[in-house]
Amino acid sequence: MIIKKTSFLFAALVFLLPICTQAQPETISADELKGHIHFLASDFMNGRVGPSEEYEIAARYVASQFAAAGLEPAIGKNDSTKSFFQGVPFAKTEYNDKLNWNILINGESMSFGHKEDFKIMYGSKLNHDRTEIAWAGYGIEEPDHGWNDFEGLDVSGKVIVCINGAPEKNGTPVLPEDVHKKYTGPNGFRAKFGNLFSKGAEALVMVDINGSMGIPFEMIPSEFRTEKYVYQDNRDRERSSRIPSIYYVKPSFLEAIMKGHPGSPFRYSDNILKNYKPQILEGVYLNSKVEVLNEEIIYTKNVVGLVEGTDPELKNEYITVGAHLDHVKKLNGQVCNGADDNASGSAGVIEIAEALALKPCKRSVIFITYTGEEMGLCGSRYFVGSGEYPIENIRFNLNMDMIGRSDNKNKESRAHYVVTNKKYLAALETFIGELNNGITDFPLIFDDDEHSPGGSDHQSFISREIPAFFFFSGVHEDLHKPGDDPEKIDYAKAESICKLGYTITEKLANMDEVPDFLKED
Ligand SMILES: [Zn+2]
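Here is what the cut-offs are and how they apply
Residues numbered from 1 in each chain as written. Predicted model: local features only at pLDDT ≥ 70, side-chain atom pairs only at ≥ 80, totals over all residues. Heavy atoms only, no water. Helix = DSSP H or I, 4+ residues; strand = E, 2+ residues; numbered from the N terminus. Buried < 20%, exposed > 50% of the residue type's maximum accessible area, 1.4 Å probe, protein only. Contact = heavy atoms within 4.5 Å. Lys, Arg positive; Asp, Glu negative; His and termini not counted. Charge placed at Lys NZ, Arg CZ, Asp CG, Glu CD. Donors = N, O, S within 2.8 Å, 3.2 Å for Na, K, Ca; no water. Tetrahedral: all angles 85-135°; square planar, octahedral: opposite > 155°, others 65-115°. Patch = residues over 30% accessible without salt bridge, like charges linked within 9 Å, V, L, I, M, F, W, Y side chains within 5 Å. Areas by Shrake-Rupley, 256 points an atom, 1.4 Å probe, with all protein chains shown as cover. Salt bridge = Lys/Arg side-chain N within 4 Å of Asp/Glu carboxyl O. Pairing = 2+ DSSP bridges. Axes fitted to C-alpha atoms, helices over the stretch in contact; angles between N-to-C directions. Domains from an automatic or database assignment. Buried area = accessible area lost by both parts, 1.4 Å probe. Polar contact = N/O pair within 3.5 Å; in protein donor to acceptor, adjacent residues only side chain to side chain. Parallel < 35°, antiparallel > 145°, perpendicular 65-115°, else oblique. Left-handed = near helix turned anticlockwise from the far one by under 90°.

To continue, consider the overall build of the protein chain. Helix and strand counts for the protein chain stand at 12 helices and 24 strands. Along the first, second and third principal axes, the C-alpha atoms of the protein chain reach 90 × 70 × 40 Å. With 521 residues in all, the protein chain has 54% of them scored as buried. For the protein chain, contacts bridging at least 24 residues in sequence account for 82% of all contacts bridging at least 6. The distance from the centre of the 54 positive side-chain charges to the centre of the 77 negative ones in the protein chain is 3 Å.

This is the structure we're talking about:
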């Protein structure tokens, strides 16, 4: 058995050899990552929604870690001091939720109250100015099956009113069973949403005329937020791209607007199809105006720290290492903790910063945690557009967005994704593959943005022709859900990703020249 023993030792030596040759920063540890993630993703932090008080605490936590690691504040202030905080402007609008609809019916006006008579299910186009109403019956368009409620009905710029379910004659579905099923039950309305958007209607009003949705009106929440935050650079776009709204109303609303109308479904409730004719309701208009209580610009924070380079020339070139710190709001009243998305990446930035500050490189390295990623890469777009560092001197961006889990198809192998734009893919695969050399004991899957389900802050740099990539767990069952908890993080994996991140950063920051990664060297 000695032979065996001997060969085992030899094998062990061969296996260990690559790891030993690469100096790994001891300060990067699973335990420290655990500490950061358990704090940032605790219920107390309420999902770190940017902007919010909890997000503010998270930003100050990162800044205190940067300071403790000896990073320099990296953002110039008007008084020529420096700060770790870069204010990112958001337009904050406060609305009065006492919203009323005023319906004009042949010159008579009737008022309907938010939550009392109607609920807002979706959308942001809530102002309606003398908007015509189209009665669309079931709101179904199935011409192949001989049924089309929109035939000859121009609903563009109008409000569509339709009832739940699908047509029946003497209790028998008019449409083939599988089609009928599509429109019935609690999710039946979803199949009707498409018409709203495809026909340019202003809004869709849904009425559960016979309770077949099985959810009492009172139980349905209204998705109306009295506070709205829009990234300043997005304001015009937001205004022009307000999403048509979907409302849910009590049957009494439909009864009122079709009172005395020959085609009213209440006239022959046992036979809705009698006198059934979708049409524009003459003389009936919807007026509603959301009262703006307050509008102001508020600032939420990117946290930015610097490890200045040691080389008199190359210190004016920058390698950036970043991760978004914000996450999303509660889901059904439960905190979305965002341990993997993206407390893990933020913790990784802190760990790599701490290690690199102990051994600065020739080039300067900027460490950033971003706000507003979940709202459209707002923090990273702001950073690259701010001119705080000349964009032409930023040589590379390493982004970490979920470094602590594996997606369902890679649970076994624990494989992790490395995602970039396809023009950088081949060269980065070679570069990172060579540097990895056994740092991770799991495979890396190289992918390009077009195929990868996830977008992230590296794209703000790529849009400025700066080579960049991101480490990504892949889409797992807890993404943007309350189950994305610190207890489910694979800390050994996160530690390895950080050590690889450190190795890549150190290499780039010390090379004579940073490649453009547009072609394989
Ligand atoms: Zn994320």
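In the segment running from Gly50 into Pro51, the intervening peptide bond is cis, with an omega of -10°. Within the secondary structure, Pro51 sits in the loop between helix H2 (30-40) and helix H3 (53-68). Despite not being glycine, Asn170 has its phi angle at roughly 50°, a positive value. By secondary structure assignment, the location of Asn170 is in the loop between strand E12 (168-169) and strand E13 (172-173). Residue Asn170 is classed as exposed on the basis of its relative accessible area of 82%.

Surrounding the zinc ion are the protein donor atoms His324 (NE2), Asp341 (OD), Asp401 (OD) and Asp401 (OD), which sit 1.9 to 2.7 Å from the metal. Taken together, the four donor atoms coordinating the zinc ion span angles of 52 to 144° at the metal, a pattern that classifies the geometry as irregular. Counting along the primary sequence, the residues that act as donors to the zinc ion give the motif H-x16-D-x59-D. On the criterion of sequence distance, the pair formed by His324 in strand E19 (residues 318-324) and Asp341 in helix H8 (residues 339-357) is long-range, its members being 17 residues apart.

Before going further, it helps to examine a nonpolar patch on the surface. On the surface, Tyr122, Phe197 and Ile243 cluster together into a nonpolar patch covering about 270 Å² of accessible area. Here Phe197 is to be found in helix H5 (residues 190-198).

What follows deals with the sheet that holds strand E11 (residues 159-163). Across the sheet, which stays open at both edges, the eight strands sit in the order E6-E5-E17-E8-E11-E14-E16-E7 with mixed pairing between neighbours. The open sheet has two edge strands, strand E6 (108-113) and strand E7 (118-122), and neither has a second partner. Sheet twist, expressed as the mean angle between neighbouring strand axes with direction ignored, is 30°. Inspection of the sheet shows strand E8 (residues 128-135) paired to E11 by three bridges, in the parallel sense. Looking at the pairing, Ile133 lines up with Val159 of E11. Along the sheet face, H5 touches E7, E11, strand E14 (203-207) and strand E16 (245-249) and points at about 155° away from the line of E14.

Counted residue by residue, E16 has five buried out of five residues, so it is predominantly covered. Where burial is concerned, the two faces of E16 agree: the one with Ser245, Tyr247 and Val249 and the one with Ile246 and Tyr248 are both buried. One ladder, built from four bridges, connects E7 with E16; its direction is antiparallel. By the bridge assignment, Tyr122 is partnered in E16 with Ile246. Pairing of E14 with E16, which is carried by five bridges, proceeds in the parallel orientation. Paired with Leu204 across the two strands is Ile246, which belongs to E16.

Attention now goes to the environment of Pro216. Structurally, Pro216 can be placed in the loop between E14 and strand E15 (227-231). A residue is classified by how much of its surface remains accessible, and Pro216, at 44% relative accessible area, is partly exposed. A C-alpha to C-alpha distance of 30 Å links Pro216 and Gly47, two positions 169 residues apart in sequence.

Let us look at the pattern of salt bridges. Taken as a whole and assessed by the stated rule, the structure comprises 21 salt bridges. Two residues, Lys250 and Glu116, come together in a salt bridge whose shortest N-O distance is 3.4 Å. Of the two residues, Lys250 is situated in the loop between E16 and helix H7 (251-257) and Glu116 in the loop between E6 and E7; the sequence distance between them amounts to 134 residues. The salt bridge partner of Lys199 is Glu141, with a shortest N-O separation of 3.2 Å. Of this pair, Lys199 sits in the loop between H5 and E14 while Glu141 sits in strand E9 (residues 141-142); the two residues are 58 residues apart in sequence, bridging distant segments of the chain. Connected via shared salt-bridge partners are Arg405, Lys411, Glu477, Asp478 and Lys488.

All right, on to the domain arrangement of the protein chain then. Domain boundaries assigned for the protein chain yield domain 1 (33-93 + 296-510) and domain 2 (97-290). Summarising the inter-unit geometry, the C-alpha centres of domain 1 and domain 2 are found 43 Å apart. Taken together, the 14 residues of domain 1 in the interface contact 12 residues of domain 2. Of the roughly 1,100 Å² buried where domain 1 meets domain 2, counting both sides, 55% is carbon and sulfur surface. The interface formed by domain 1 and domain 2 includes one salt bridge. If you look at where domain 1 meets domain 2, you find three residue pairs in polar contact (both at pLDDT 80 or more).

Considering the arrangement of structural elements, one finds Asp326 in the loop between E19 and H8. Notably, Asp326 is buried but unbridged: the nearest opposite-charge side chain belongs to Arg48, and the N-O separation is 7.3 Å. Of the polar contacts made by the side chain of Asp326, one reaches the backbone nitrogen of Gly372; its length is 3.5 Å. In terms of polar contacts, Asp326 uses its side chain to reach the backbone amide nitrogen of Glu373, at 3.1 Å. Contact partners of Asp326, with chain neighbours within four places excluded, come to Gly47, Arg48, Gly50, Tyr55, Tyr370, Thr371, Gly372, Glu373 and Glu374.

What follows deals with the packing of H2 against H3. As a packed pair, H2 and H3 sit with axes 11 Å apart at the nearest point and diverge in direction by 160°. By the angle class used here, H2 and H3 are roughly antiparallel. Considering the relative orientation of H2 and H3, their crossing is right-handed. Packed against H2, whose contacting residues are Gly35, His36, Phe39 and Leu40, the element H3 presents Ile57, Ala58, Tyr61 and Gln65 at the interface.

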